[in-house]
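Working through the structure, step by step
Listed here are the chains, written in short residue letters.
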Amino acid sequence: MASLVSSPFTLPKSKIENLSSISQKHRLLHSFLPKKPNSKNTQKKFKCAAIVGNGLFTQTTQEVRRVVPENPKGLPTVKIVYVVLEAQYQSSLTAAVQELNRTGELASYEVVGYLVEELRDVNAYKSFCKDLEDANIFIGSLIFVEELALKVKAAVEKERDRMDAVLVFPSMPEVMRLNKLGSFSMAQLGQSKSPFFQLFKKNKSSSSAGFADSMLKLVQTLPKVLKYLPSDKAQDARMYILSLQFWLGGSPDNLGNFLKMVSGSYVPALKGMKMEYSDPVLFLDTGIWHPLAPRMFDDVKEYLNWYGTRRDTNESLKSNDAPIIGLVLQRSHIVTGDESHYVAVIMEMEARGAKVIPIFAGGLDFSGPVEKYFIDPVTKKPMVNSVVSLTGFALVGGPARQDHPRAIEALMKLDVPYIVALPLVFQTTEEWLNSTLGLHPIQVALQVALPELDGGMEPIIFAGRDPRTGKSHALHKRVEQLCTRAINWGKLRRKTKTDKRVAITVFSFPPDKGNVGTAAYLNVFASIYSVLKELKNDGYFVENLPETAEALIEDVIHDKEAQFNSPNLNIAYKMGVREYQKLTTYSTALEENWGKPPGNLNSDGENLLVYGKQYGNVFIGVQPTFGYEGDPMRLLFSKSASPHHGFAAYYSYVEKIFKADAVLHFGTHGSLEFMPGKQVGMSDACFPDSLIGNIPNVYYYAANNPSEATIAKRRSYANTISYLTPPAENAGLYKGLKQLGELISSYQSLKDSGRGAQIVSSIVSTARQCNLDKDVDLPEDGAELSASARDLVVGKVYSKIMEIESRLLPCGLHVIGEPPSAMEAVATLVNIAALDRPEEGIFSLPTILSQTLGREIEDVYRGSDKGILKDVELLKQITEASRGAVYSFVEQSTNEKGQVVGVGNKLTSILGFGINEPWVKYLSDTKFYRADREKLRILFQFLGECLKLIVADNELGSLKQALEGKYVEPGPGGDPIRNPKVLPTGKNIHALDPQSIPTTAAMQSAMVVVDRLLERQKADNGGKYPETVALVLWGTDNIKTYGESLAQVMWMIGVKPVADTIGRVNRVEIVSLEELGRPRVDVVVNCSGVFRDLFINQMNLLDRAVKMVAELDEPEDMNYVRKHALEQAKTLGVEVREAASRIFSNASGSYSSNVNLAVENSTWNDEKQLQDMYLSRKSFAFDSDAPGVGMTEKRKIFEMALSTADATFQNLDSSEISLTDVSHYFDSDPTNLVQGLRKDGKKPSAYIADTTTANAQVRTLSETVRLDARTKLLNPKWYEGMLSSGYEGVREIEKRLTNTVGWSATSGQVDNWVYEEANTTFVQDEEMLNRLMSTNPNSFRKLVQTFLEANGRGYWETSEENIERLKQLYSEVEDKIEGVDR
């Protein structure tokens, strides 16, 4: 650490304003660095590294790793150049070379080393190539980043034949092929038949951790065998294996002997001289290591015996009551002597009273050692209370190929919390401290995303790196936090249930009494009630629990809304300012945004108020909100404000006064994880880190939202447990739509009689009454139509109402611990059955049925979309037959109560005898009676597995496991219809390997959608292609679809992703204009803040792709990217590459455009104000030429790029979330904004791609809003389903209306009738009005207010009577809430 502080780099005064607001809180930021006496001016000592130097993540250079010999004796000089992933070899190699030069009689040695990450820098790469020109020996190790691997390959290849030896240890095959040692070569790697090369073949079926472990096994056996082989080849192969042994041995002695052996044997100038070297000193491959132990241990009993005899510890550490923490270490750090950060963790754990068992492994597979050293061989129970991996890598496979199932199997056997902390690899400590991004994106991909797939939690950075020696050093504040949190997770395992204290935290968003307990798809209070009952039965101390969930609501928010006259929630605690400042060490950092405490949020002017209610050892608290929702000025700030004092006081109360053993955040989602700070890899100056403190965090998260769940995991250290979204149903038809369906049926039976024309005119007038004239071209009333024209009109109306009828919607709200009944699962199963799954050999039900009639389902879809009556009818028959077949299958698998009984056994009996299979029986009465039995059987076997998963219930079980300090099995989040592996819920949700997308299948789907979008825009726009499309990238939809929208951007500009040998996508290639067959379309990409956090590598990829396209020598009328970039470069006087910035998002640590907050809280004056928010918050560009800088404001380029947009575009990817269900969609919509920026003032076309079903559609935004209103807000099936959830249901209805106003505000694409019908449904119907008002008056007041606002802002024209009635209602409900009329 000392070296870090003794060489601070100062900066000129003028640059200080460039520091981010976070790094200016230097008092906090550097609180883990030793204090210097003269700290008056320390603020100027740190410079945001990104702004100086090369704009990359690291400014370190090879010069700190260069040793040049003095060589007074004029000995032959051997020059060695090495490239490694991490710096732990640096000090060891340097020491070895210095020792050789001090004692050497035969040769002198020059050495220079590069960290693979430094090769991104043009100058460093030039210097690397130059160093290779006179090098004798090249050494490479762990080179797994493709773009850098290719750079190493290119440079070394040029010199390979000239060099005396090239040694590459486990790396990508491309680099491994460079190996040569005398006659030994790996040029044929992966092709040869010899057993040596078979190791490196990609063997997906083997469960080993790739070739690194095979190599280790080889290292142990081969030298013995090779000794006896006479040929030179065998001798050279033996030398290679010995070299690997020396390298893995890592100590200065081993490395010195390694260099002597290789140079003595292969450098011509030393031939004939007797270069003496010793054999490698071998260390254990796996074992237990403790810095104070006399040796490494191979047996856990021996280690514990030694532990018991230690004299340097106090007795409490030896007692059987001391918690035991397992640590997983990287062997290379121990053998190279770069282990001070490990020592610090071990000492800190012991100082806090915990025993440690620190294990290591030489390979990349830790699953064996974990089972061997952490599980008692006799009792099979874990010997540790929690495990912390300090390697940062996935448990099996390190940076190469991972084997997650094997890791999960080992961790489930162990069954304790599993934390994966990480040392900085690619950045020095200062560079990380000053970065707003935090951790380097490649390290995030390798050491945060991959361990999450194993169920790893809490990516805390515990060690930094010294820029000069390359050695790791502990970051003491971080180590303290890591150790405390690991011990606290371990305590959950040891503490009795009666003593355990749990703080359940609910959200209130937007801040309003009617919104307490908001969470996506969840009936929060009914769920909490079910959790409390379960905990009580399980032995937790829960007292005074009310009789019902409704009574619980009253308790927490006083007298349940309706009749209460206290304006406040229940106050659980009043915290004085002094107490608050004492408990909240970071409180002064909040004053910059909020002034002195207590402030006016969550306060009574003297104290800070904590809202909630305690039930024995369980506290239910209400998380405060961001605090700036109601302040239009603050919403305009480009960077988000810190938490306010009330927010901080809440978490100080939970941790330090209530003394929670765990906090349970209830539902998707709160504000804690979205507070400012680094994106990933936080310091103790980052607010989420300060707020969560040392409390284990368990978080119920919707299974279909893996992206935000991942933010909660990384930024609030949450163990995220998935819950199911409510069972889906088909929207069905109602009122006029139902009547239309009946008219169409009678037309089909009577169309050839004389009544055909008459029925068509009824269909046309009913369709008008249902406002379908905006979606379908209807003929004028009384127009004469031919029989085929009548068929077409009916076909188009029919197609539209079928689209409405079959749309899936989640009905009601989910209650934790209440899985859907089998019958409720039917619609979900029908949709699972509607997708072809070629990779699993499963044909979809519509495919099987259409093939029975000699048709392909795609043709039927296309025909139906065009309104061809016979195709619409056929699609309806296929849909009905699919539902019937699935229904008959599910019916067979359930008992009278509608519960699934032993699906497994039932299935076997069903699948045993062909003719009686229920689906075959059902289809035998339809036109599909000849459907392929075998394909059906395979499909229904799959559906049987899915049904088991849908009705399985593990949400409460997993919560109890987490609270008992056990391991929660990880699983992917996403859409259960696309990916049934998301089920059963109750898993620790993870996203995916960010470098694995887009997949080939996603690229295929994307090409279809983009081609349809461009065709649609051409048709709507006089046959012209759009020059620019402005679109949005979301985190969740890219996880669910494996990168479809990412691939859409690539296909618009005409590039394709290229995967490397490990299947990671880090490159793109240009698609020729001939193959593309159209111009390259320019893009303006708005990435959500969540996408930016999860997929920064993909933003880098897209930015490189756009810039590559802008630099192509192509005609401007065929390359709009180039056309606009050249124009913008000229106007702004910048380089073309900078003008081609197209990948935008928020500033690091900020999320959303705040348009949603302004709309939800009605805190905006006019649309221009909303557009300013969007521009100020969303104009931060990512630059692949300077990725270390993070997000940089480029508002001018952003505005100019948007001003060329002819179309705006978003994706809908799953049936549960549509345009008006959440505010994110309109929050990111720039339609009206683009119109204001365009020179011609023309409104761009707005499109939505809907890939929620097998029949992907591109609709206009207004079509989609209408479809949404018809299937949800105005649909009795939907709103009655919501109202069955009571209090929460009223809020859901109000939220849909508010989000509809949001669309009016950002796009103007909402028809007047939508508001008119909503008013008729919810306000003019007296019975409905009274239900809403009595169930949740606050949300009802907001509903009335939203109608008035829609009218006042000019989005809804209606009669004076309607407006008067609404005003009168508003004052009635106000009085009711304030208790005037009691």
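Residues numbered from 1 in each chain as written. Predicted model: local features only at pLDDT ≥ 70, side-chain atom pairs only at ≥ 80, totals over all residues. Heavy atoms only, no water.

In terms of burial, strand β33 (residues 1207–1212) is largely enclosed, as six of its six residues are buried. Burial along β33 is two-sided: the face carrying A1207, F1209 and N1211 and the face carrying T1208, Q1210 and L1212 are both buried. Where strand β26 (residues 1028–1033) and β33 come together, three bridges link them in parallel fashion. What sits directly across from V1029, in β33, is A1207. (Buried < 20%, exposed > 50% of the residue type's maximum accessible area, 1.4 Å probe, protein only. Helix = DSSP H or I, 4+ residues; strand = E, 2+ residues; numbered from the N terminus. Pairing = 2+ DSSP bridges.)

Scanning the entire structure with this criterion turns up 74 salt bridges. With a closest N to O distance of 3.2 Å, K497 and D538 form a salt bridge. Linking K497 in the loop between α19 (476–494) and β15 (502–506) with D538 in the loop between α20 (524–537) and α21 (549–557), this pair joins segments that are 41 residues apart in sequence. According to the relative accessible area criterion, K497 is partly exposed, its value standing at 27%. Close ionic contact of E729 with K1277 constitutes a salt bridge, the shortest N to O distance being 3.5 Å. In this pair, E729 is assigned in strand β22 (residues 728–730) and K1277 in helix α53 (residues 1276–1283), connecting sequence segments 548 residues apart. What makes K1277 partly exposed here is its relative accessible area of 34%. Each member of the salt-bridge network shares a partner with another, and the members are E63, R66, K79, D131 and D134. (Salt bridge = Lys/Arg side-chain N within 4 Å of Asp/Glu carboxyl O.)

What follows is about the confidence of the model for the protein. With 89% of its residues at a pLDDT of 70 or more, the protein shows a mean pLDDT of 85. Segment residues 1–52 is flagged for pLDDT under 50; beyond a separation of four residues in sequence, or across chains, it makes 90 contacts in the model. (pLDDT = per-residue confidence, 0-100. Contact = heavy atoms within 4.5 Å.)

Here six strands make up an open sheet; going across it, the order is β2-β1-β3-β4-β5-β6 and the pairing mixed. Each having just a single partner strand, β2 (108–115) and β6 (184–185) make up the two edges of the open sheet. Taken strand by strand, helix α10 (residues 252–266) contacts β1 (77–84), β2, β3 (137–141), β4 (165–168) and β5 (180–181), and its axis lies near 135° from that of β3. (Axes fitted to C-alpha atoms, helices over the stretch in contact; angles between N-to-C directions.)

Within the secondary structure layout, N136 lies in the loop between α4 (122–133) and β3. A polar contact is formed between the side chain of N136 and the backbone nitrogen of K79, at a distance of 2.7 Å. For N136, the contacting residues outside a window of four places in its chain are T77, V78, K79, M163, D164, A165 and V267. (Polar contact = N/O pair within 3.5 Å; in protein donor to acceptor, adjacent residues only side chain to side chain.)

Once that is clear, we can look at the environment of M1191. Tracing the backbone through its elements, the reader meets M1191 in strand β32 (residues 1191–1193). By relative accessible area, which is 10% here, M1191 ends up buried. Separated by 45 residues in the primary sequence, M1191 and N1146 have C-alpha atoms spaced 7.4 Å apart. Setting aside its immediate chain neighbours within four residues, M1191 contacts R1092, M1099, S1145, N1146, A1147, S1148, F1180, A1181 and F1182.

Spatial strand order, β32-β31-β30-β29-β26-β33-β34-β35: eight strands in an open sheet with mixed pairing. The open sheet is flanked by β32 and β35 (1257–1260), the only strands paired with a single partner. Each strand axis lies, on average, 30° off the axis of its neighbour in the sheet, ignoring direction. As defined by bridge partners, strand β30 (residues 1143–1145) adjoins strand β31 (residues 1180–1182) across two bridges and the pair is classed as antiparallel. Bridging across to β31, S1145 finds its partner in F1180.

Moving on to the nonpolar core. As a rule of thumb, soluble globular proteins bury nonpolar side chains together. Counting 283 residues, the largest nonpolar core has M349, F374, V388, F666 and Y700 as the members making the most contacts within it. Considering each element in turn, this core owes the most residues, eight residues, to helix α44 (residues 1096–1110). Residues in contact with V388, not counting those within four places in the same chain, are I325, G326, L327, V328, M349, I419, A421, L482 and A486. Counting 78 residues, the second-largest nonpolar core is a separate cluster that includes A87, Y114, Y240 and M275. (Core = buried A, V, L, I, M, F, W, Y, C linked by side-chain atoms within 4.5 Å.)

Below, the discussion takes up the packing of helix α56 (residues 1326–1335) against helix α58 (residues 1360–1377). In the contact formed by α56 and α58, the axes pass within 12 Å of each other and the chain directions differ by 30°. Between α56 and α58 the crossing geometry is right-handed. Residues E1326, L1329 and M1333 of α56 form the contact with α58, whose participating residues are R1365, L1369, E1372, V1373 and K1376. Within the contact of α56 with α58, the residues separate by chemical class into four nonpolar, no polar and four charged. (Left-handed = near helix turned anticlockwise from the far one by under 90°. Nonpolar A, V, L, I, M, F, W, Y, C, P; charged D, E, K, R; others polar.)

Before going further, it helps to examine the packing of helix α45 (residues 1120–1132) against helix α49 (residues 1195–1202). The geometry of α45 relative to α49 is characterised by a closest axis approach of 11 Å and an angle of 140° between their N-to-C directions. In terms of their interaxial angle, α45 and α49 are classed as oblique. Judged by the sense of rotation from one axis to the other, the crossing of α45 with α49 is right-handed. Across the interface between the two elements, Q1128, T1131 and L1132 from α45 touch K1196, I1197, M1200 and A1201 from α49. In the contact of α45 with α49, the residues fall into four nonpolar, two polar and one charged. (Parallel < 35°, antiparallel > 145°, perpendicular 65-115°, else oblique.)

Another aspect to go through is the environment of Y573. In this structure, Y573 sits in strand β16 (residues 571–576). Among the residues examined, Y573 registers a relative accessible area of 22% and is labelled partly exposed. For the pair formed by Y573 and I657, sequence separation is 84 residues and the distance between their alpha carbons is 9.4 Å. Y573 has contacts with E579, L608, L609, V610, Y653 and I657, leaving out every residue within four places of it along the chain. There is a polar contact of 2.7 Å between the side chain of Y573 and the side chain of E579.

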